[in-house]
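Below are the chains, spelled out letter by letter.
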Amino acid sequence: MIPVNSVLQVGSFPEVMQAEINRSLKTVHLINPHEPVPAGSYEAILTRSNTPIPESLLRQIPNLKVIACCGVGYDNLPLDYLKSHGIQASTTPGVLNDAVCELGIGLLFALLRRLPAADLFARSGAWQEKAFPITTTLAGKTVGIVGLGRIGQDLAKRLEAFGVTIAYTGPSAKKCSYAFYSSAVALAEAADVLILTCPGGPETERMIDASVLNALGPNGYLVNIARGSVVDESALISALQQNRIAGAALDVFENEPQLNSAFMQLHNVVLSPHIGSATRETRQAMTRLAIDNLEAFFNHRPLLTPIH
């Protein structure tokens, strides 16, 4: 049993997630993490991975013991502070893999087959005047995955059905049949399509820079379903403007929800408003797992999906 008002809920939650929370516990809500914490004695924070949690907030909660985060990423948390203060934290891995992989493949086909442009072409009546331009097929391509973690592995399994060759890069080689490349540049040189599924954070910040994009080349495509911080956005915009890569499909951005206006002028990019896990089923499952982690904590059991 989670004690009433022992949990500070930080950030904005969609209706479907809030309904799941309300069925299980009573929280105190703080929308803006930079505002003063409401009076109370909180042992836990419930938040989402798109809500940055500053140290200034945590210093206002002397009894804080645990943070349950809805999402697979944890680059929004000040990990050094948590470690030094003995504060546990959990995320919700696994339950969002299906939705994120579905969106990644959807974005990939939208990019290669130019589906947004094809829809507009048909709606506008342009089809009556001429044929839609020839596009690109996925079959036979080499798809490079940057970050072969849980989502990357699930994505690779789905992509195999499309007749592609899978390769990957990451901190170390995995026990799998896919070709491993020691760097993103080397992978980009070998790939026709580069899909980003790696975590955010200092280790991967702007990993996809001009050198990687140049290695990907004028016939190569980039899909980002990871974090906006992984890509040097200025370098990407320049590469798209100069056709140094063929195109990009992006679900995440450097300063979301504020998009760089240069993207709006480009015809070789597909834009999506960070909806990788945004299905009703997935958001319910994520919220339920976050609450289960809180229940484990308050019942003196190990967290189900802790950050190590």
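Residues numbered from 1 in each chain as written. Predicted model: local features only at pLDDT ≥ 70, side-chain atom pairs only at ≥ 80, totals over all residues. Heavy atoms only, no water.

(A) Here's a closer look at the pairing of strand β10 (residues 221-224). What you see with β10 is no split at all: Y221 and V223 on one side and L222 and N224 on the other are buried throughout. Bridge count for strand β9 (residues 193-196) against β10 is 4 bridges, and the pairing is parallel. Looking across to β10, one finds that V193 is bridged to Y221. Handedness of the β9-helix α8 (residues 210-216)-β10 crossover: right-handed. Relative to strand β11 (residues 247-250), β10 runs parallel, the two sharing 4 bridges. Paired with Y221 across the strands is G247, a residue of β11. Between β10 and its parallel partner β11, the chain crosses via helix α9 (residues 233-241), and the hand of that crossover is right-handed. (Buried < 20%, exposed > 50% of the residue type's maximum accessible area, 1.4 Å probe, protein only. Helix = DSSP H or I, 4+ residues; strand = E, 2+ residues; numbered from the N terminus. Pairing = 2+ DSSP bridges. Right-handed = clockwise from strand over helix to strand, strands pointing away.)

(B) Region of the structure containing the sheet that holds strand β3 (residues 44-48). The parallel open sheet is built from 5 strands, whose spatial order is β2-β1-β3-β4-β5. The open sheet has two edge strands with one neighbour each: β2 (28-30) and β5 (88-90). Geometrically, the sheet is characterised by an average inter-axis angle of 20° between neighbouring strands, direction not taken into account. Bridge analysis of strand β1 (residues 7-10) against β2 gives 3 bridges, and the strand direction is parallel. (Axes fitted to C-alpha atoms, helices over the stretch in contact; angles between N-to-C directions.)

(C) Expanded view of empty space enclosed by the protein. Under the criterion given, the structure shown has 1 cavity of 30 Å³ or more. Approximately 40 Å³ is the volume found for the largest cavity. Tallied by class, residues from the lining of the largest cavity come to 5 nonpolar, 2 polar and 1 charged. (1 Å grid on protein atoms, 1.4 Å probe; cavity = no way out; pocket = protein on both sides within 12 Å on 5 of 7 lines; lining within 4 Å. Points joined across faces, edges and corners; volume = space filled by probe spheres on them. Nonpolar A, V, L, I, M, F, W, Y, C, P; charged D, E, K, R; others polar.)

(D) Structural detail: the nonpolar core. With 48 residues, the main nonpolar core has L46, V143, I145, L159, I195 and L294 as its most contacted residues. Ranked by residues supplied to this core, first place goes to helix α4 (residues 97-112) with 9 residues. Not counting chain neighbours up to four residues away, the residues in contact with I145 comprise G152, L155, A156, L159, I166, A167, Y168, T169, L187, I195 and T197. Judged by nonpolar contacts, the second largest core, of 30 residues, contains L216, A235, I237 and A262. (Core = buried A, V, L, I, M, F, W, Y, C linked by side-chain atoms within 4.5 Å. Contact = heavy atoms within 4.5 Å.)

(E) Local environment of the pairing of strand β6 (residues 142-146). Buried residues dominate β6, accounting for 5 of its 5 residues. Here β6 shows two buried faces, one formed by T142, G144 and V146 and the other by V143 and I145. As defined by bridge partners, β6 adjoins strand β7 (residues 165-169) across 5 bridges and the pair is classed as parallel. Following the sheet pairing, I145 is matched in β7 by Y168. Regarding the hand of the β-α-β motif, the stretch spanning β6, helix α6 (residues 150-160) and β7 is right-handed.

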